[in-house]
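Residues per chain, in single letters:
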Amino acid sequence: MAKKSTKRKHSGNGMDGFWEWLDTFVTNERVHFLTGLALCFLVMYMGIAWLSFFFTGAADQSAIENIPIGDLLAGNRQVSNWAGIRGAYIADLLMNRWFGIPSFFILFYLGSLGAKWMKICRLSLLKRFLLCTAMLLWSSLLLSFVFMRNDGDSFLFLGGRQGFYLSEMLIRNFGKPGVILLLMVGFLVIAVSLSAKVVPVLQRAFSLEWLERKWNWNWKWSRSKPKMRKRPEPQDDEEDGEAEEEDKDSLPKRPEDRSSAISVNDDEEFTITVAAGDAEPYKPSGGDGLPVQPSLPRPPHSPMDDDEDPYDESQRGEYDPRLDLSNYRFPTLDLLKIYDQAQVFNNEEQNDNKKRIRQTLEEFGIHIVSINATVGPTLTLYEVIPAVGVPIRKIRNLEDDIALRLSALGIRIIAPMPGKGTIGIEVPNKDAQIVSMHPLIASRKFNESKFDLPIALGRTITNDVFMFDLCKAPHLLMAGATGQGKSVGLNAIITSLLYKKHPAEMKLVLVDPKMVEFSIYSKIECHYLAKLPDEEKAIITDFKRVVHTLNSLCKEMDDRYELLTKAHVRNIKEYNEKFINRRLNPEKGHRYMPYIVVVIDEFGDLIMQAGKEIEMPIARIAQKARAIGIHMIIATQRPSTSIITGNIKANFPTRIAFRVSQMVDSRTILDQPGANKLIGRGDLLFSGGSIDMTRVQCAFVDTPEVENIASFIGRQPGYGSAYELPEFVPEGDGRAAEEVDLSDRDPLFEEAARLIVIQQQGSTSLIQRKFSIGHNRAGRLMDQLERAGVVGPAEGSKARQVLIPDEYTLELLLSRLK
């Protein structure tokens, strides 16, 4: 009967048999384990894809954007993601288009599900699902709200596009305060739901008893005006006893001294006050029962102390160079325009160019294995992998033929690509885009940069923000034909520095022979500009004043090297760090050193007028000034060997070349061709001192933007005047010492004489800094000191020789003058 019944059961309806098989399959423990194991491997695969997305997402964006389903399933496109094209697509879908970085909560839930099915752990899938969903949505909204200003520049929306749109909608409806309150409520709801222990913690957080235990406030004594319980006085025996009884569980006491009162200070030192006698401090002993050793005394005076008199940091704290302008506000991003249009990837144009490149090469008997395209703002890089045995020179020689077939303005062949086994062909886009400065300044790369003088120059062919550190450059040579972007490039460099460096940390020396390029920066004279003491305008336009300023910078360089020698450091960074930590005494002549950036436009015009008078101090500064924070940027539209001499090129390793008309000009700037193949309008080649060059589309900074930035800075309180450089007295310009009347001496004459003799430095700038006087008065004092025989005559940019060896000899001289 049983066998007959079984046969009848299986011979019934086919759907009943299927559901019975499915029920057996689902309830089988082996099937659970294998399914959970497969799910865990899927989580690992997706995790690898998502982690790779942080490093390769920008490069893969053009390949997976709007990809057809057929190409996705067939895997026809090449990507850099570690998990292949499907991993790149899933990572971009979830990490970029949906929820952003919080998408990792999806992996967390799927991993929990797999562990549950494998019986590795026991948990409630419903609670885990609700928790992950709530954290996913809340974190996506939080990241989108916090980083909304920066999401437009990065390839990755930190909170996903959905979170970005949700944040925008909530801000429009409730405003930013409403969104902040909503996020706080959401956090509390999740926290309370996560653990039942959160509620009592919140109750204790807002209770008076918690404040009493945390800060030891005596609420019983005064509820209206809480005070710190202080060390009890000997005469207040009753109050002391109450305080001691109240805290008897937390404070140590000595049972043999019942009349004593005990209190605890912030350093955990026990002070016992005896009512009938004198109080003595009682300090805890070490682990072996012995008293703790006191701090060692300061070592005796050493020669280094003459220049490194340390201050008591516990009382003085660190020196803040920004203190004088502590309320200074950096320029805001809304002063810059956004010129970037939405990046449109013309797949038809790319495929057509690939086909033409392949046909052109095959016509000349060159077979290639593959060809890939990388789209930039103004041009596209096609990377060609030639077949085995194809000489590179054959492809390099076909540059004009490929340009003719593509109908391009001009192409550049990079054979081979540095660090790659490919040959690069750069082709201009039909629809070029403008790279604006706004997204560069707002980018995470710029804001989180650790460069000392960061410069955001533009975007590379892969749409990455291109930056370099001027301190490591350390000097920059910029050249190109007229109208190709040099002035815009200089404005981009200055704008980057103004957005990153405080006026106390950087000064600018602007040389403008054309008189119109840098005049717009005159509004920031009292904040950022430096000039000679007797100059009326900070923007230098006369070539004679240029010579004086460059020699003054040489004097500043020498003075700074003397200070570095006295401080026993090697560069300005170490020196300023010592000064900030108050390890250098200002009374010994030490001071905080700001970086000085010298920007010279139309360098060729200056060379034609002054020649060696300009070239020699520039070469001297370029050779030595790196360590003391003086950096030069020179630009010219005449890249000839008579302007850019070997002496200049040898000391300017970092170079920027805009478009030039001839190959010989490119070789003069970069020591190799390439600049003659650029397309203009900010297209440049950047060389950092090596053979490899980087092609960059320079950011566009228009004149109204510069005016807005300068006006924003100029409206704020600044220093009394521009940063004064050391005086420079050309030979023959000094006043004869015999003409000085010592009967009408300056009231500061004796003090200035003592300062000069003590420091053994005949410098007018030293007198200015010490007595806070102007250049003219300091110059008259120096003339009187020369007439009195304290210092020698002027020696150009060098400091005057001090003729008095010690203070005793000086006092004898001063007594005779009286």
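See above for the structure.
The following refers to the structure shown. (Residues numbered from 1 in each chain as written. Predicted model: local features only at pLDDT ≥ 70, side-chain atom pairs only at ≥ 80, totals over all residues. Heavy atoms only, no water.)

Considering the overall build of the chain
Worth spelling out the cut-off: Secondary structure elements are defined from DSSP: runs of H or I of at least 4 residues count as helices, runs of E of at least 2 residues count as strands, and each element is numbered from the N terminus. Remark: exposure states derive from per-residue accessible area (1.4 Å probe, protein chains only) relative to the maximum for the residue type, with buried under 20%, exposed over 50%, and partly exposed in between. Contacts: residue pairs with any heavy atoms within 4.5 Å of one another. The protein chains shown are the only cover counted for residues, whose accessible areas, like all others here, come from Shrake-Rupley with a 1.4 Å probe.
Helix and strand counts for the chain come out as 30 helices and 18 strands. Sorting the 818 residues of the chain into buried and exposed places 46% on the buried side. Long-range pairs, those at least 24 residues apart, make up 65% of the contacts in the chain between residues at least 6 apart in sequence. Just so you have it, the chain exposes about 44,200 Å², and 55% of that area is on carbon and sulfur atoms.

Considering the environment of Leu107
Topologically, Leu107 is positioned in helix H6 (residues 104-117). Accessibility expressed as a relative area gives 8% for Leu107, which makes it buried.

Structural notes on the sheet that holds strand S5 (residues 379-386)
As a reminder, the rule being used: One requirement defines pairing of two strands: DSSP has to find at least two bridges between them. Here the axes come from fitting lines to C-alpha atoms, over the contacting stretch only for helices, and the angles between their N-to-C directions go from 0 to 180 degrees.
Taken together, the four strands give an open sheet; going across it, the order is S4-S5-S7-S6, and neighbouring strands pair in antiparallel fashion. Two strands in the sheet have a free side with no partner beyond their single neighbour: strand S4 (368-375) and strand S6 (412-414). Averaged over all adjacent pairs, the angle separating strand axes in this sheet is 20 degrees, with direction ignored. In this sheet, S5 lies alongside S4 in antiparallel orientation, the contact comprising seven bridges. In the strand pairing of S5, Ser370 is matched with Ile385. Against the sheet, helix H14 (residues 347-363) touches S4, S5 and strand S7 (423-428), its axis set at about 145 degrees to S4.

Here we look at the layout of surface pockets
To be explicit about the condition: Using protein atoms alone on a 1 Å grid, points that fit a 1.4 Å probe yet trap it form a cavity, whereas open point sets bounded by protein on both sides within 12 Å along at least five of seven lines form a pocket; residues with an atom within 4 Å of a point count as lining. Grid points are joined across faces, edges and corners, and a volume is the space filled by probe spheres set on the points.
By volume, the second largest pocket is sized at about 1,200 Å³. If you go around the second largest pocket, you meet 37 residues; those closest to its centre are Tyr319, Arg591, Tyr592, Tyr723 and Arg769. For the lining of the second largest pocket, the secondary structure elements donating two or more residues are strand S18 (723-724), helix H27 (749-759) and helix H28 (764-771). The biggest single contributor to the lining of the second largest pocket is H28, with five residues.

So, helix H19 (residues 486-500)
Under the convention used in this document: Helix span, as expected, comes to 1.5 Å for every residue beyond the first.
Here H19 is 15 residues long and its end C-alpha atoms lie 22 Å apart, about the 21 Å a rise of 1.5 Å per residue gives. Counting buried residues in H19 gives 13 out of 15 residues, a clear majority hidden from the surface.

Looking at the environment of Glu807
Along the chain, Glu807 falls in helix H30 (residues 807-817). Residue Glu807 is classed as partly exposed on the basis of its relative accessible area of 43%. As a C-alpha pair, Glu807 and Ile756 span 51 residues in sequence and 10.0 Å in three-dimensional space. Sequence-distant contacts of Glu807, defined by excluding residues within four places in its chain, comprise Val757 and Ile758.

Quick word on the packing of helix H20 (residues 543-567) against helix H23 (residues 612-624)
How we decide: By definition in this entry, angles of less than 35 degrees are roughly parallel, angles greater than 145 are roughly antiparallel, angles of 65 to 115 are roughly perpendicular, and the rest are oblique. A crossing counts as left-handed when the near helix is turned anticlockwise from the far one by less than a right angle, and as right-handed when that turn is clockwise. Think of it as three bins: nonpolar holds Ala, Val, Leu, Ile, Met, Phe, Trp, Tyr, Cys and Pro, charged holds Asp, Glu, Lys and Arg, and polar takes everything else, Gly as well.
Packing of H20 against H23 brings their axes to within 9 Å, and their N-to-C directions diverge by 25 degrees. Taken together, H20 and H23 sit at an angle that is classed as roughly parallel. Viewed along their axes, H20 and H23 form a crossing whose handedness is left-handed. Contacts between H20 and H23 involve Phe543, Val546, Val547, Leu550, Leu553, Cys554, Met557, Asp558 and Tyr561 on the former and, on the latter, Glu613, Ile614, Pro617, Ile618, Arg620, Ile621 and Lys624. Among the residues forming the contact of H20 with H23, the class breakdown is 12 nonpolar, no polar and four charged.

Re the packing of aromatic side chains
Formally: A pair of Phe, Tyr and Trp rings is counted when the ring centres sit within 6.5 Å of each other, with Trp represented by its six-membered ring. The angle between the planes then sorts it: under 30 degrees is stacked, over 60 is edge-to-face, the rest tilted. Cation placement over rings: the criterion is NZ of Lys or CZ of Arg within 6 Å of the ring centroid and within 35° of the ring normal.
One pass over the full model with this rule turns up 13 aromatic pairs. Plain terms: the ring middles of Tyr328 and Tyr528 are 6.3 Å apart, the flat faces sit at 75 degrees to each other, and that makes the pair edge-to-face. One end of the pair, Tyr328, is in the loop between helix H13 (313-316) and H14; the other, Tyr528, is in the loop between strand S11 (506-511) and strand S12 (530-531), with 200 residues separating them in the sequence. In this structure an aromatic cluster arises from ring pairing among Trp50, Phe54 and Phe104. Its end group placed over the ring of Phe446, Lys500 keeps NZ or CZ at 5.3 Å from the ring centre.

Details of a nonpolar patch on the surface
For clarity, the cut-off: To count toward a patch, a residue needs a relative accessible area above 30% and no salt bridge. Like charges then connect within 9 Å, nonpolar side chains (Val, Leu, Ile, Met, Phe, Trp, Tyr) within 5 Å. The salt bridge definition used is simple: a Lys or Arg side-chain nitrogen within 4 Å of an Asp or Glu carboxyl oxygen.
Side chains of Ile48, Leu51, Phe54, Phe55 and Trp82 sit close together on the surface and give an oily, nonpolar patch of about 560 Å² of accessible area. Note on placement: Ile48 falls in helix H3 (residues 29-64). What makes Ile48 partly exposed here is its relative accessible area of 43%.

Overview of empty space enclosed by the protein
Empty space among the atoms can be located by rolling a probe the size of a water molecule over them. Evaluated as defined, the whole model comprises four cavities of 30 Å³ or more. Its volume calculated, the second largest cavity comes out at about 90 Å³. Lining the second largest cavity are Asp559, Glu562, Leu563, Lys566, Lys588, Gly589, Gln759, Gln761, Ser763, Ser765, Leu766 and Arg769. Those elements that provide at least two residues to the lining of the second largest cavity are H20 and H28. The leading source of residues in the lining of the second largest cavity is H20, at four residues. For the lining of the second largest cavity, a count of residues per class yields two nonpolar, five polar and five charged.

Description of the pattern of salt bridges
For the structure shown, the criterion picks out 27 salt bridges. For the salt bridge of Arg591 with Glu556, the shortest nitrogen-to-oxygen distance reads 3.2 Å. Here Arg591, found in the loop between helix H21 (572-580) and strand S13 (595-600), pairs with Glu556, found in helix H20; they are 35 residues apart in sequence, far enough to count as distant. On the accessibility criterion, Glu556 (3% relative accessible area) is buried. Asp671 is the partner of Arg655 in a salt bridge, and the nearest nitrogen-oxygen pair spans 3.0 Å. Of the two residues, Arg655 sits in strand S15 (residues 654-657) while Asp671 sits in the loop between helix H25 (663-670) and strand S16 (683-687), which places them 16 residues apart along the sequence. Taking relative accessible area as the criterion, Arg655 reaches 8% and is therefore assigned buried. Taking relative accessible area as the criterion, Asp671 reaches 47% and is therefore assigned partly exposed. When salt bridges with common partners are traced through the structure, they connect Arg412, Glu426, Asp683 and Arg695 into a single cluster.

Section: helix H22 (residues 603-610)
Put simply, the rule is: This arc is built from the directions going out from the helix axis to the C-beta atoms.
All buried positions along H22 are accounted for by Phe603, Gly604, Leu606, Ile607 and Ala610. Taken around the axis of H22, the buried residues stretch over an arc of 160 degrees, which confines them to a single face. The inward-facing, buried residues of H22 contact S11, H20, S13, H23, strand S14 (630-636) and helix H24 (646-651). Where H22 ends, the next residue or the one after it, Gly611, has phi of about 60 degrees, a positive value.

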